[in-house]
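Listed below, chain by chain, are the residues.
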Amino acid sequence: MGLFILRRLWVMILTALALTYIVFFLTNLYPNLEKLAKSQGNFRMTDAQVETYLGNRGYLQSTPLKYAQWLGVAPGWVITGTDGETRARCAAPGAAAETATTFCGILQGNWGFSTVFKDGVGSIVATRLALTGKLMFWVMVLMVPSALLLGVLAGMREGTRTDRALSTVAITTTATPEYVSGVILIAVFSSSAVGLKWFKGTATSAMENATFENFFLPVLTIALYGMGYIARMTRASMAEVMTAQYIRTARLKGVSFPNIVMKHALRNALIAPFTVIMLQFPWLLNGVVIVETLFNYKGFGWTLVQAAGNNDIELLLGVSVVSVFVVLVTQLISDIGYVYLNPRISVS
Amino acid sequence: MEPLSWADILGRIFVQFTPVWIALVVVFAASIWFKRNLGLYGKLFDSTIGMIGFALVMFWVFTGIFGAMDMVVTHDALNQISVMKNKAPGTPVMGAGEDVYPYYLLGGDNLARDVFSRMVKGAWVVVQIAPLATLFAFMVGITLGLPAGFYGGRLDTLLSFLANLILAFPVILLFYLLVTPEIIATGIPNYMATCLFVFPLIFVAILLNSRYHTQPALRTPLLIGVLGVLGWLYLSLISEVGSKVQVIPGFLDLFDVPGGILVVFVSVVFVNSPTVFRIVRGLTMDIKTRDYVAAAQTRGEGPWYIMLWEILPNARGPLIVDFCLRIGYTTILLGTLGFFGLGLPPESPDWGTTINDGRRLLSIYLHPAIVPALSLLSLVLGLNLLADGLREESLKD
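What counts and how
- Residues numbered from 1 in each chain as written.
- Chains lettered and ligands numbered in written order.
- Predicted model: local features only at pLDDT ≥ 70, side-chain atom pairs only at ≥ 80, totals over all residues.
- Heavy atoms only, no water.
- Helix = DSSP H or I, 4+ residues; strand = E, 2+ residues; numbered from the N terminus.
- Rg over C-alpha atoms; globule rule 2.2 N^0.38 Å.
- Buried < 20%, exposed > 50% of the residue type's maximum accessible area, 1.4 Å probe, protein only.
- Contact = heavy atoms within 4.5 Å.
- Areas by Shrake-Rupley, 256 points an atom, 1.4 Å probe, with all protein chains shown as cover.
- Lys, Arg positive; Asp, Glu negative; His and termini not counted.
- Charge placed at Lys NZ, Arg CZ, Asp CG, Glu CD.
- Core = buried A, V, L, I, M, F, W, Y, C linked by side-chain atoms within 4.5 Å.
- Domains from an automatic or database assignment.
- Expected span 1.5 Å × (residues − 1).
- Buried area = accessible area lost by both parts, 1.4 Å probe.
- Salt bridge = Lys/Arg side-chain N within 4 Å of Asp/Glu carboxyl O.
- Polar contact = N/O pair within 3.5 Å; in protein donor to acceptor, adjacent residues only side chain to side chain.
- Nonpolar A, V, L, I, M, F, W, Y, C, P; charged D, E, K, R; others polar.
- Axes fitted to C-alpha atoms, helices over the stretch in contact; angles between N-to-C directions.
- Parallel < 35°, antiparallel > 145°, perpendicular 65-115°, else oblique.
- Left-handed = near helix turned anticlockwise from the far one by under 90°.
- 1 Å grid on protein atoms, 1.4 Å probe; cavity = no way out; pocket = protein on both sides within 12 Å on 5 of 7 lines; lining within 4 Å.
- Points joined across faces, edges and corners; volume = space filled by probe spheres on them.

Would you mind showing me how to read the overall build of chain A here?
Check the secondary structure of chain A and you find 13 helices and four strands. Relative to the compact-globule value of 20 Å for 348 residues, chain A shows a C-alpha radius of gyration of 26 Å, a clear excess of over 25%. On the principal axes, the C-alpha backbone points of chain A span a range of 90 × 60 × 30 Å. Going through the 348 residues of chain A one by one, you find that 50% of them count as buried. The long-range share in chain A, meaning contacts at least 24 apart out of those at least 6 apart in sequence, stands at 66%. Roughly 16400 Å² of accessible area belongs to chain A as shown, and the carbon and sulfur atoms make up 64% of that amount. Taken together, the 26 basic and 17 acidic charged side chains of chain A have centroids lying 15 Å from each other.

Have a look at this one:
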């Protein structure tokens, strides 16, 4: 088991390195840098001005070298610019270049500086992630129990009318992407045109003070899309378990139906949904981006959109490191959990 | 003129869709009549769920096709009649000429365009891109997944690592990185298109060669003919006058794909193919232990013949089901791109862009966002139901 985790960790690190390099490469293409220079300097710069601007700030070094500096395995640049000023990658904003340390990168705990928010990437990611964590927590609280309940109820008597009805509900929610269900929910529950006005159409105020009124719609929107999928998996797994020999034996022994479901079937039926729930995290990340944009909730997904839209290289890299990390860790947990729950599988 | 009541609106919409109803009735009548001779497709008409799904999907397909021929639409999708800004459904058109359709059936959007016509035109964008992009993703996934599952070993490790790499990327981040004007200017989407779109050619070439390589007299002309046509289509698709990839001169170029559409297409294929790869790889690993594969090996068939003519046909059930689901997923992805305003031009009538436009005024005017939202929902729902029906019917035998 230890060896298995070690091997997975090695693959994880390799994946993370490859992915961040891809992000780094794409954000450091010259047209992107030109856009960055123009939005940071001024929009009427000539091509030559753009080039000196970028050269003075170390953007025109080769991409692998810049990547190594960002990682913290190569010494950060110190460049005396054409305007006579000496700048250093590692100098704090506003501080003199001479005070800078030699190495400053991810390995030294320095995540860089966001050009859009004018703040350190580490602190931005931390605060935004905490906000999204709050959202995700409530999504999980709503989604997992209701999805499991839906799946178990549909799967315990396969082919009945309850099963048909619940399966149709599950299919409908998987067919409704967040931007569709979000729009419909806002239209029905918060617009003045329908007039119900039960909930608020934006979740901006939920960042400080989340109430049922301003937080329920975004949570419901994300939960709905993931719910159908988990419910269908649970249903399939439950239906399979209910046809197993030991269930028939229990029935013939005279165990009551609720007891069969609760004590005999449920535990075996929940193995498959567990992996699915863990693998839902990457999808939820997607939903988070859409829902945070739609409801104007300034969390992690909203930050991703801002960083990507403005080519904020270091913030974008920070965001992608975190999201890739989330994806890979959940994959690892789902693998390990699967082995624990299902003794028939060995990892060797 | 008085605004129309809801019954009138629905009646008029029903009349507008006449060609679609006729086409649907013809397709259903023909399919049910001949269903015993149509294999899996015919069996679909034994399941209610499958029929409902198929009807929803074909409704949008026909709407898209007829809409592109300007048959269902009432107004031009880009035409603005300024007095109609944000008007409610059924409002009569004022201040326009005689030959203009007298009502905005589903109201006007915030740029005073007809919501109904834009919805119909939006169906065409989806019907054009989604199935084709899914097909390309399947070609890439099958061509790489079969050898990975069949040979295993180093090749499998490498390809699986690459597939997992793409899958670990948050889709929206990938879209934001790939689908920007700056990236289009560097030509990266064109290079990616060049790499990705060559897979159908490889697939067809191996498919035909492995089958007919014992009959060179038939194989050689067949391969030259088929690859010639496909190659020309391929070159027309990737090469574009004035872009980074210009291989053939303009007069040989059959059609031009605008840079925005091409990059959308490429990124959707790119995001979908790793999942297909994993499904095909899993199926191959399962099927290659069967007796008929061993029989083919004993017969002395080559590895590619076994993969493409023994394993692939036997994996078709799950693949067809996944194909339907994946078209739905691609539709959702296209909507996501539109929702974030990536790739497609801002005046494009596709549903994602329209939802994004409409959501800003959602608390006052519902119809500009709700109409495309419900359209997208019904199409994806139809595809899911269709996949469900197909799965049930294919499991029966």
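Picking up where we left off.
Explain the nonpolar core here, please?
Generally speaking, a soluble globular protein has its nonpolar side chains buried in company with each other. Ranked by size, the top nonpolar core spans 177 residues in total, and within it Phe116(B), Phe197(B) and Phe340(B) carry the most contacts. The element best represented in this core is helix α17 (residues 367-396) of chain B, accounting for 14 residues. Built from parts of two domains, this core gets at least three residues from each of domain 1 (2-108) and domain 2 (133-341) of chain A. Setting aside residues no more than four positions away along its own chain, Phe116(B) makes contact with Ile13(B), Gln16(B), Phe17(B), Val72(B), Thr74(B), Leu105(B) and Leu106(B). If you look at the next biggest cluster of nonpolar residues, it comprises 23 residues, including Phe138(B), Phe203(B), Ala296(B) and Met307(B).

Help me understand helix α1 (residues 2-27) of chain A, please; the structure alone is not making it clear to me.
Given 3.6 residues per turn, any residue in an α-helix points the same way as the ones three and four places further on. The terminal C-alpha atoms of α1(A) lie 37 Å apart, and with 26 residues this matches the ideal 38 Å at 1.5 Å per residue to within 8%. The set of residues buried in α1(A) consists of Phe4(A), Arg8(A), Met12(A), Thr15(A), Leu19(A), Thr20(A), Val23(A), Phe24(A), Leu26(A) and Thr27(A).

Any chance you could explain unusual backbone geometry here in plain terms?
Glycine aside, a negative phi is what most residues show, and trans is what most peptide bonds show. The phi dihedral of Asn296(A) falls on the positive side, at around 55 degrees, and the residue is not glycine. Residue position: Asn296(A) is located in the loop between α11 (271-295) and α12 (300-309). Given the relative accessible area of 31%, Asn296(A) is considered partly exposed. The backbone phi angle of Ala112(B) is positive, close to 65 degrees, even though this residue is not glycine. Position of Ala112(B) among the secondary structure elements: in the loop between β2 (103-104) and α5 (115-151).

Just checking my understanding: could you explain the domain arrangement of chain A for this structure?
Buried accessible area, meaning the area lost when the parts come together, often serves as the stated size of an interface. All names here are of chain A. Parsing chain A into structural domains produces domain 1 (2-108) and domain 2 (133-341). A C-alpha centroid distance of 38 Å is found between domain 1 and domain 2. Taken together, the contact pairs 19 residues of domain 1 with 17 residues of domain 2. Around 1600 Å² of area is buried between domain 1 and domain 2 when both sides are counted, 74% of it from carbon and sulfur atoms. Of all residues in domain 1, the largest losses of buried area upon contact with domain 2 belong to Arg 8, Met 12 and Thr 27, amounting jointly to 34% of the total for that side. At the boundary of domain 1 with domain 2, the tally comes to zero salt bridges. On the surface where domain 1 and domain 2 come into contact, there are one residue pair in polar contact (both at pLDDT 80 or more). Elements with a contribution of two residues or more to the side of domain 1 that touches domain 2: α1 and α2 (30-40). Broken down by class, the residue content of the side of domain 1 that touches domain 2 amounts to eleven nonpolar, five polar and three charged.

I tried to follow the pattern of salt bridges on my own but got confused; where do I start?
For side chains bearing opposite charge, pairing can occur when the charged atoms are close. By the definition in use, this model includes 16 salt bridges over all chains. For Arg235(A), the salt bridge goes to Glu158(A), with nearest N and O atoms at 3.8 Å. Linking Arg235(A) in helix α8 (residues 212-242) with Glu158(A) in the loop between α5 (121-156) and α6 (161-174), this pair joins segments that are 77 residues apart in sequence. Given the relative accessible area of 22%, Arg235(A) is considered partly exposed. Between Asp46(B) and Arg36(B) there is a salt bridge whose closest N-O contact spans 3.8 Å. Of the two residues, Asp46(B) sits in the loop between α3 (39-43) and α4 (48-68) while Arg36(B) sits in the loop between α2 (18-33) and α3, which places them ten residues apart along the sequence. The class for Asp46(B) is partly exposed, based on a relative accessible area of 37%. Residue Arg36(B) is classed as exposed on the basis of its relative accessible area of 61%. One continuous salt-bridge network, built from bridges that share partners, spans Glu158(A), Asp163(A) and Arg235(A).

Where do I start with the packing of α5(B) against helix α10 (residues 198-212) of chain B in this structure?
Residues and elements named next belong to chain B. At a closest axis distance of 9 Å, the pairing of α5 and α10 adopts a crossing angle of 55 degrees. Taken as axis vectors, α5 and α10 run oblique relative to one another. The way α5 lies across α10 gives a crossing that is left-handed. Of the residues in α10, those touching α5 at Phe 136, Met 139, Val 140, Ile 142, Thr 143 and Leu 144 are Phe 199, Pro 200, Ile 202 and Phe 203. Within the contact of α5 with α10, the residues separate by chemical class into nine nonpolar, one polar and no charged.

Would you explain the packing of α11(A) against α12(A) in this entry?
Residue and element names in this part refer to chain A. Remark: α11 packs on α12, axes separated minimally by 7 Å, with the N-to-C direction vectors making an angle of 80 degrees. When the interaxial angle is binned, α11 and α12 end up roughly perpendicular. The segment α11 lies against α12, with Leu 285, Val 288, Val 289, Glu 292 and Thr 293 engaging Phe 300, Gly 301, Trp 302, Leu 304 and Val 305. Partitioned by chemical class, the residues of the contact of α11 with α12 number seven nonpolar, two polar and one charged.

I would appreciate a short explanation of empty space enclosed by the protein in the present structure.
A probe matching the size of a water molecule, rolled over the atoms, marks out where space remains unfilled. Throughout the structure, instances matching the rule amount to seven cavities of 30 Å³ or more. Estimated volume of the largest cavity: approximately 110 Å³. Around the largest cavity, the lining residues are Glu178(A), Tyr225(A), Trp283(A), Asn286(A), Gly287(A), Ile290(A), Val171(B), Ile172(B), Tyr329(B), Ile332(B), Leu333(B) and Thr336(B). Partitioned by chemical class, the residues of the lining of the largest cavity number eight nonpolar, three polar and one charged. Put simply, the second largest cavity is a space of about 80 Å³. Lining the second largest cavity are Leu26(A), Thr27(A), Asn32(A), Lys35(A), Ala308(A), Asn311(A), Leu316(A), Tyr176(B), Leu177(B), Thr180(B) and Ile183(B).

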